Amino acid sequence: MQITSPGFKRNATRALGDEQLQKALGHVRSNFIDKRAAAAAALPEFEALRDNAKAIKDHVLENLDIYLETFEERVTAQGGNVHWAATASEARGHILDICRKAGARSVTKGKSMITEEIGLNSFLEKSDITPIETDLGEYIIQLRGEHPSHIIAPAVHLNMDQVRDDFKKAHTHLDANRAMDEPEILLKEARGVLRDRFLNADVGITGANFLVAETGSSIIVTNEGNGDLTQSLPKVHIVVASIEKIVPTLEDMSQIMRVLARSATGQEMSVYTTLSSGPRRPEDPDGPEQYHVVLLDNGRSEMIGTEFQDMLRCIRCGACMNHCPVYHAVGGHAYGWVYPGPMGSVLTPKFIGVDKAGHLPNASTFCGRCEEVCPMRIPLPKMMRHWREQEFEKHLSPPAQRRNLKLWAWVAKRPTLYRLATRIAARGMSVLGGRRHRLGWLPVASAWTKHRDMPTPEGGTFMAQWKGKR
Amino acid sequence: MSREFILERIKSRQKVDGDDSDRRRAVEKRIAEHAPGILPAVPGTRVKRLKQFIDKAEAAQASVSRVSEQSMGKALVEWLRDHNLPAEVRMSPDKRLDGLRKQAEKKLTIKPAPGDGSDIVGVSHAECGIVETGTLALTSGPDNPTTLNFLPENHVVVLREKDVVDHYEDIWPRLRKRFGERKMPRTLNLVTGPSRSADIEQTLILGAHGPVRLHILLVRD
Ligand code: SF4
């Protein structure tokens, strides 16, 4: 996929002026936050489960090499195959090999961010194999030639009228004058079109939410049932999963499962959680004859032992972007690569380089909401700061920004001066903000205030308030 | 080889020395013990737990009928009629469904599973029900083909009260007993309500690629 992260500022400006997008983003702002809050509040053990989920993954990362070997051994014992891929291109190679050996012409796909990461669809197309996305959101954006704008709601940037127009264009075998003005009707239409594709596919490709070392099982979590048809109908099932998806036991998986759906969609449990272990057994009447797991590293092992190791606990629930004011304002495509939102701002510089993605960790208000809601307690703001520091050290940020930061650092290191400066600034801003208590323009941050107002500080500086409270 | 490359790189980053026998022992122990973690509280009495199972399943838009061993067939026929569905079902060969088969065969055409994707109603038998979230656990195999859980538009699942357990963690010991330690059925489906999508404007719609309706026949002990 084409990387547009270096143009984040341009992307963001465009996104802010895009009416369709702004309307669609309203659904993110209003929907996800309340549902997650209600689900978390309804489970008294939720916070303790988050702690435990974090502890499980930390333990796995300390022993990842051994858990991977154990997982491989179990998959093989059940008649499956494990393929190791250090890079995206190696993973694509494994997948193509398996497809070629199966004589595959068409491949159905369950929703998977990892196949986005390795750019699988365009690669398969170039090799004369047709990939068919079967998750409704993924299907819609595939028709549009787009990429997901959200890791669990890939078409969240679209409105119904856009989907209707796409279906009209694509489903030419249907009556051109059919009724199409309800989401129900559009869903039914997609179900009908895709049912045949499911039944005729040669290979099914899914991602995995978890890999269980104890039993060599791969797990997918979905609501539509498309992942299950993808993996149970064709002769060959390929699971593409990154190495950090491992959990030790079925019990450990159950713990993390409890925080996954609640954090993602606010459901207590997604509709379908499916554990697959090996190919169909001799006595089985259905299921795939071949079961392959492609284990992708793609630079993840390099994060172990660094300040970014915590990011490997991520279970891709999407809560961080659902609660991010920057994501709310500009949507996922502005981030310019596969992973958007706060988790993307940490991951993207790792994958495509901080020289290209340096804007992302800077595009943060550091409000801390992402870390507050992350079920795996990943310190996202801290890691974004690490990138900023690295970028700063490499002198990649623009000279003006460097000068301002240096000035701030110089002042900040001198407490009396800092207090004086902030007091003057706070008063000045509050006078300028007037009765609206909003500032439409700030001297050193005009780019920031171009599209939003800065609330004026009220009641003196933090230091002054803190002293007063004591 | 990428396998060795990846494993070596992990090891070098973990800052562990050459001898990993302690870590190996710890991993083996953790897997052998498979200790449950935090279990959400469930109601104190059996009656209340069954009620929670039903409430949660219904909250996930499934429907539940409580039936006796003798009234399963009647309940199935009535449910089909109430929903204007044809008197024809695709049924799993599971022996635990023999009673239902006998009771219903005069009123319904019963075809053996798996189907070909064109069936309107499928009937399966569940391994467990889970109180915590109103979830069904179904295992694949000759008794209950897994595709039957997804292809028909309507899915009827027979569940025995004695198989209703509190937590997901109660499923695993049962499977270990039936299939052996560290073994699993080819597919285990945990199903909570009928299929759905919210991909168009975040509007929740039932009946995506899997069933539009999920009906549970909960059989009294
Ligand atoms: S970083 Fe946390 S909140 Fe964001 S997707 Fe990953 S697990 Fe979810």
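Residues numbered from 1 in each chain as written. Chains lettered and ligands numbered in written order. Predicted model: local features only at pLDDT ≥ 70, side-chain atom pairs only at ≥ 80, totals over all residues. Heavy atoms only, no water.

**A look at the overall build of chain B**
Counted only if it meets this: In this description a helix means any DSSP run of H or I spanning at least four residues, a strand means any run of E spanning at least two, and both kinds are numbered starting from the N terminus. Burial classes: relative accessible area under 20% of the type maximum marks a residue as buried, over 50% as exposed, and values in between as partly exposed (1.4 Å probe, protein chains only). Residue contacts are counted whenever heavy atoms from the two residues lie within 4.5 Å of one another. Here the positive residues are Lys and Arg and the negative ones are Asp and Glu; neither His nor the chain ends is included. For charged residues, the charge sits on one atom: NZ in Lys, CZ in Arg, CG in Asp, CD in Glu.
Assigned secondary structure in chain B consists of six helices and 12 strands. With respect to the principal axes defined by its C-alpha atoms, chain B has extents near 70 × 40 × 40 Å. Considering chain B as a whole, with its 221 residues, one finds that 56% of them fall into the buried category. Pairs at least 24 residues apart make up 72% of the contacts formed inside chain B by residues separated by at least 6 positions. With 38 positive and 32 negative side-chain charges, chain B shows a separation of 2 Å between the mean positions of the two kinds.

**Looking at the overall build of chain A**
Here is the rule we go by: Surface accessibility follows the Shrake-Rupley procedure with a 1.4 Å probe radius. Residue values consider only the protein chains on display as shielding.
Along chain A, the regular secondary structure elements total 23 helices and 12 strands. Counting all 470 residues of chain A, 59% fall into the buried class. Look at the contacts in chain A between residues 6 or more apart in sequence, and 71% of them connect residues 24 or more apart. Approximately 18900 Å² of chain A is accessible, and the part contributed by carbon and sulfur atoms is 53%.

**Brief notes about the domain arrangement of chain A**
All names here are of chain A. This is how the line gets drawn: All the domain ranges listed were derived from an automatic or database domain assignment. Simply put, the buried area is the total loss of 1.4 Å probe accessible area from both parts when two parts are fitted together. A 3.5 Å cut-off defines polar contacts: any pair of N or O atoms within that distance qualifies, except that in protein one atom must be a possible hydrogen donor and the other a possible acceptor, and neighbouring residues in sequence count only when both atoms are side-chain atoms.
With domains assigned, chain A is organised as domain 1 (1-42 + 318-397), domain 2 (57-134 + 201-296) and domain 3 (400-469). Computed over C-alpha atoms, the centres of domain 1 and domain 2 are 26 Å apart. Counting from both sides, the interface comprises 12 residues of domain 1 and, opposite them, 12 residues of domain 2. For the pairing of domain 1 and domain 2, the buried interface totals around 1100 Å² over both sides, and the portion due to carbon and sulfur atoms is 65%. Applying the counting criterion to the domain 1 and domain 2 interface returns one residue pair in polar contact (both at pLDDT 80 or more).

**Here we look at the confidence of the model for chain B**
Detail in the predicted coordinates should be disregarded across regions flagged by low pLDDT. Put simply, the rule reads: pLDDT runs from 0 to 100 and stands for how confident the predictor is about each residue.
Summing up the model confidence of chain B, the mean pLDDT is 95 and the portion of residues at 70 or higher is 100%. On the interface metric, ipTM, the complex scores 0.97, and its pTM is 0.89.

**Observations regarding the side chain of Q162 of chain A**
All names here are of chain A. Position of Q162 among the secondary structure elements: in helix α9 (residues 160-170). Here Q162 falls in the buried class, since its relative accessible area comes to 16%. The residues touching Q162, leaving out its near neighbours within four places in the chain, are Q20, R144 and H157.

**Looking at the sheet that holds strand β9 (residues 187-191) of chain B**
The cut-off we apply is this: Only strands joined by at least two bridges in the DSSP assignment are considered to pair.
Taken in spatial order, the eight strands of this open sheet run β8(A)-β5(A)-β6(A)-β9(A)-β9(B)-β6(B)-β5(B)-β8(B), and their pairing is mixed. Every other strand in the sheet has two partners, leaving β8 (246-247) of chain A together with β8 (164-165) of chain B as the edge strands with one partner each. By the bridge criterion, five bridges tie strand β6 (residues 217-222) of chain A to strand β9 (residues 272-276) of chain A in an arrangement that is antiparallel. Paired with I219 of chain A across the bridge in β9 of chain A is L275 of chain A.

**A closer look at the side chain of H237 of chain A**
Within the fold, H237 of chain A resides in strand β7 (residues 236-242). With relative accessibility at 0%, the residue H237 of chain A sits in the buried group.

**So, the packing of helix α4 (residues 64-77) of chain A against helix α2 (residues 21-33) of chain B**
In helix packing, the relevant descriptors are the interaxial angle and the interaxial distance, both defined with respect to the helix axes. Note the cut-off: With axes taken as lines fitted to C-alpha atoms, and helix axes fitted only over the stretch in contact, angles between N-to-C directions fall between 0 and 180 degrees. Roughly parallel here means an angle under 35 degrees, roughly antiparallel means over 145, roughly perpendicular means 65 to 115, and every remaining angle is called oblique. For any helix crossing, the convention is left-handed if the near helix is rotated counterclockwise from the far helix by under a right angle, and right-handed if that rotation is clockwise. Three classes are used: nonpolar for Ala, Val, Leu, Ile, Met, Phe, Trp, Tyr, Cys and Pro, charged for Asp, Glu, Lys and Arg, and polar for all others, with Gly counted as polar.
Contact geometry for α4 of chain A and α2 of chain B: axes closest at 10 Å, N-to-C directions at 55°. It follows from the interaxial angle that α4 of chain A and α2 of chain B lie oblique. Classified by chirality, the crossing of α2 of chain B by α4 of chain A is right-handed. Residue-level inspection shows D65, I66, Y67, E69 and T70 of chain A of α4 of chain A in contact with α2 of chain B, the latter providing R23, R24, V27, R30 and I31 of chain B. Residues of the contact of α4 of chain A with α2 of chain B, tallied by class, amount to four nonpolar, one polar and five charged.

**Re the interface of chain A and chain B**
In plain terms, the rule: By salt bridge we mean one thing: a side-chain nitrogen of Lys or Arg within 4 Å of a carboxyl oxygen of Asp or Glu.
Counting residues at the interface gives 106 residues for chain A and 74 residues for chain B. In total, chain A and chain B occlude about 7500 Å² of area from one another, counting both sides; carbon and sulfur atoms represent 57% of this. Per-residue buried area on chain A facing chain B is highest for R191, E251 and R258 of chain A; these three make up 10% of the total on that side. Scanning the region where chain A abuts chain B turns up 11 salt bridges. E169 of chain B is paired through a salt bridge with R258 of chain A; the nearest N and O atoms lie 2.7 Å apart. Run the count over chain A and chain B and you get 46 residue pairs in polar contact (both at pLDDT 80 or more). Among the residues making up the side of chain A that touches chain B, the classes are represented as 46 nonpolar, 32 polar and 28 charged. Sheet topology note: the β9 of chain A/β9 of chain B ladder contains five bridges and is antiparallel.

**Observations concerning the packing of aromatic side chains**
Residues and elements named next belong to chain A. Filter applied, for reference: Ring pairs are drawn from Phe, Tyr and Trp, using the six-membered ring of Trp, whenever the two centres fall within 6.5 Å, and their geometry is named by plane angle: stacked under 30 degrees, edge-to-face over 60, tilted for the rest. Any Lys NZ or Arg CZ found within 6 Å of a ring centre and within 35 degrees of that ring's normal is scored as a charge over the ring.
Inspection of the entire model under this criterion finds eight aromatic pairs over all chains. Ring centres 4.4 Å apart and planes at 25° place the aromatic pair F308 and W387 in the stacked group. With a gap of 79 residues between them, F308 in the loop between β10 (290-296) and α13 (319-322) and W387 in helix α19 (residues 380-393) connect regions that are remote in the sequence. The class for W387 is buried, based on a relative accessible area of 6%. The cationic tip of R92 hangs over the ring face of F123; the distance from NZ or CZ to the ring centre is 5.6 Å. Looking at R316, its charged tip hangs above the ring of Y339, at a distance of 4.9 Å from the centre.

**Focus: empty space enclosed by the protein**
Residue and element names in this part refer to chain A. Formally: Here a cavity denotes a set of grid points, spaced 1 Å apart and computed over the protein atoms alone, in which a 1.4 Å probe fits but from which it cannot get out, and a pocket denotes an open set meeting protein on both sides within 12 Å along at least five of seven lines; residues with an atom within 4 Å of a point are reported as lining. Grid points are joined across faces, edges and corners, and a volume is the space filled by probe spheres set on the points.
Counted by the stated rule, this structure contains six cavities of 30 Å³ or more. Taken as a whole, the largest cavity encloses approximately 130 Å³ of empty space. What lines the largest cavity is a set of 19 residues, and nearest its centre among them are C324, P342, S364, C370 and M384. Of all the elements in the fold, those that place two or more residues in the lining of the largest cavity are α14 (325-330), α15 (341-352), α18 (369-373) and α19. No other element matches α15, which puts three residues into the lining of the largest cavity. There is about 90 Å³ of room inside the second largest cavity. If you go around the second largest cavity, you meet 14 residues; those closest to its centre are C314, C317, C320, M343 and C374. The class makeup of the residues in the lining of the second largest cavity is 12 nonpolar, one polar and one charged.

**Considerations on the pattern of salt bridges**
Applying the stated criterion across every chain yields a total of 49 salt bridges over all chains. Linking R176 of chain B and E214 of chain A is a salt bridge whose minimum nitrogen-to-oxygen distance equals 2.9 Å. Highlighted residues: R176 of chain B in helix α6 (residues 171-179) and E214 of chain A in the loop between β5 (210-212) and β6, drawn from two different chains. This pair shows no difference in class: R176 of chain B is buried, exactly as E214 of chain A is. For R96 of chain B, the salt bridge goes to D94 of chain B, with nearest N and O atoms at 2.8 Å. Residue classification places D94 of chain B among the buried positions, given a relative accessible area of 2%. Connected through salt bridges with shared partners, the residues D65 and E69 of chain A together with K11, D20, R23 and R24 of chain B form a single ionic network.

**Considering the sheet that holds strand β1 (residues 81-85) of chain A**
Residues and elements named next belong to chain A. Taken together, the six strands give an open sheet; going across it, the order is β1-β10-β7-β4-β2-β3, and neighbouring strands pair in parallel fashion. Only two strands of the sheet have a single neighbouring strand rather than two, namely β1 and β3 (130-133). Averaged over all neighbouring strand pairs, the angle between strand axes comes to 25°, with direction disregarded. By the bridge criterion, three bridges tie strand β2 (residues 106-109) to strand β4 (residues 203-206) in an arrangement that is parallel. Residue pairing for β4: K109 is matched across the bridge by I205.

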